[in-house]
Amino acid sequence: MAAIQDRVFVVILSFFVIFVSGFSMSRSGKPFNGLVASIHKLLSLATVVFLVLLLMRINHLARLSMVEWIVCAIAVLLIVAAIASGSVMMAVESSPAAHLTHRIVPYLALLSTAAAFWLLFPKLR
Ligand code: HEM
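Here's what I pulled together on the structure shown here. In this convention, every chain numbers its residues from 1, walking through the sequence in written order. Owing to the predicted nature of the model, reporting of local features is limited to residues with pLDDT of at least 70; listing and counting of side-chain atom pairs is limited to 80 or more, with chain, interface and lining totals taken over all residues.

Focus on the overall build of the protein
To be explicit about the condition: Strands are runs of DSSP state E lasting at least two residues, helices are runs of H or I lasting at least four, and both sets are numbered from the N terminus onward. Comment: burial labels come from other C-beta atoms within 10 Å of the residue's own C-beta, placed from the backbone, where a count of 20 or more is buried, 12 or fewer is exposed, and between is partly exposed. Working definition of a contact: two residues with C-beta atoms, positioned from the backbone, lying within 7 Å.
The helix and strand tally for the protein stands at four helices and zero strands. When the helices and strands of the protein are listed from N to C terminus, the series reads α-α-α-α. Reported as C-alpha extents along the three principal axes, the dimensions of the protein are approximately 45 × 25 × 15 Å. Taking all 125 residues of the protein together, 19% fall into the buried category. In the protein, 68% of the contacts between residues at least 6 apart in sequence involve partners at least 24 apart.

Here is the structure:
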């Protein structure tokens, strides 16, 4: 299970970098630093793919219950919603709705991902 724990750590680390780069962009405002913006969006895309593959791997090793699947699905959907709202924000000049969404959804995505890992914790040992 050591490899699985390492992958969980990679997801946690990715969230940290995504949040730090997001705060940095919020503080600086437009035009965003190209490198920071690229890290923020590419890492968020890589993280959702990596997380889905990780959940499928955990399910392969120890079947997830219905409740575990639901919490994992909520986490993945919220990350996708964060990616969607972030993409709209970067694509258009000004979108208050996307901005507001991107101020809330990333925190819900973080919380639900933490809840999923907490729920799966017994399976990770
Ligand atoms: C896992 C997905 C993502 C997470 C968790 C996330 C998280 C965050 C966070 C925490 C902030 C700071 C918000 C605040 O100040 O309260 C932020 C800002 C930002 N994010 Fe993301 N983000 C994600 C994906 C994306 C994507 C895919 C894009 C663009 C393609 C994007 C574009 C932005 C932009 C432009 C800002 C600055 C907003 C501003 O002007 O205040 N984000 N993000």
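Here's the deal with the site of the ligand
Inclusion rule: Near residues are defined by distance alone, with the backbone-placed C-beta atom required to lie within 6 Å of the molecule or strand.
Lining the immediate environment of the ligand, one finds 22 residues, of which Gly22, Ser26, Ser44, Gly86 and Pro106 sit closest. The set of elements that each furnish at least two residues to the shell around the ligand consists of helix H1 (2–28), helix H2 (34–61), helix H3 (66–91) and helix H4 (96–124).

Notes on the environment of serine 24
Structurally, the position occupied by serine 24 is in helix H1. For serine 24, a count of 15 C-beta atoms within 10 Å puts it in the partly exposed group. Each C-alpha atom of the pair serine 24 and leucine 77 lies 24 Å from the other, and the pair is 53 residues apart in sequence.

Here we look at H2
The condition is simple: For a helix, the expected span equals 1.5 Å multiplied by the number of residues minus one.
Given a rise of 1.5 Å per residue, 28 residues ought to cover 40 Å, and the 40 Å separating the end C-alpha atoms of H2 matches this to within 8%. For H2, the full list of buried residues reads His40, Ser44, Thr47, Val48, Leu51 and Ile58.

Regarding the nonpolar core
Short version of the rule: We call a set of buried Ala, Val, Leu, Ile, Met, Phe, Trp, Tyr and Cys residues a nonpolar core when their C-beta atoms link them within 7 Å.
Ala75, Leu78, Ile79, Ala82, Ala109 and Ala116 are the most contacted members of the largest nonpolar core, which has 13 residues in total. Of all the elements, H3 adds the most residues to this core, at six residues. Leave out the neighbours within four places in its chain, and isoleucine 79 touches Val48 and Ala109.

Focus: the packing of H3 against H4
The geometry of a pair of packed helices is captured by two quantities: the angle between their axes and the separation between those axes. The test is simple: Orientation is described by lines fitted to C-alpha atoms, with helices fitted over the stretch in contact, and by angles between N-to-C directions that extend from 0 to 180 degrees. For classification purposes, an angle smaller than 35 degrees is called roughly parallel, one larger than 145 roughly antiparallel, one from 65 to 115 roughly perpendicular, and anything else oblique. For a crossing to be left-handed, the near helix must be turned anticlockwise from the far one by less than a right angle; the clockwise case is right-handed. In this count, Pro and Cys sit with the nonpolar residues alongside Ala, Val, Leu, Ile, Met, Phe, Trp and Tyr, while Asp, Glu, Lys and Arg are called charged and the others, Gly among them, polar.
In contact at an axis separation of 8 Å, H3 and H4 are set at 155° when each is read in the N-to-C sense. The angle between H3 and H4 falls in the class roughly antiparallel. The handedness of the crossing between H3 and H4 comes out as left-handed. Grouping the constituent residues of the contact of H3 with H4 by class yields 19 nonpolar, seven polar and one charged.

A short note on H4
An α-helix turns once every 3.6 residues. As a result, residues three or four positions apart point the same way. Heads up, the condition is: To obtain the bend at a residue, axes are fitted to the seven residues ending there and to the seven starting there, and the angle between these axes is taken.
With 29 residues, H4 extends 40 Å from end C-alpha to end C-alpha; this agrees with the ideal 42 Å at 1.5 Å per step. The largest bend in H4 comes to about 30°, at tryptophan 118, with the proline proline 122 one to four residues further on. Regarding H4, the residues found buried are His102, Val105, Pro106, Ala109, Thr113, Ala116 and Leu120.

What about the packing of H2 against H3?
In the contact formed by H2 and H3, the axes pass within 11 Å of each other and the chain directions differ by 160°. In terms of orientation, H2 lies roughly antiparallel with respect to H3. Our pair here, H2 against H3, has a crossing hand that is left-handed. In this structure, H2 uses Ala37, Lys41, Ser44, Leu45, Val48, Leu51, Val52 and Leu55 to contact H3, whose residues at the interface are Cys72, Val76, Ile79, Val80, Ala82, Ile83, Gly86 and Met90. Of the residues in the contact of H2 with H3, the class split is 13 nonpolar, two polar and one charged.

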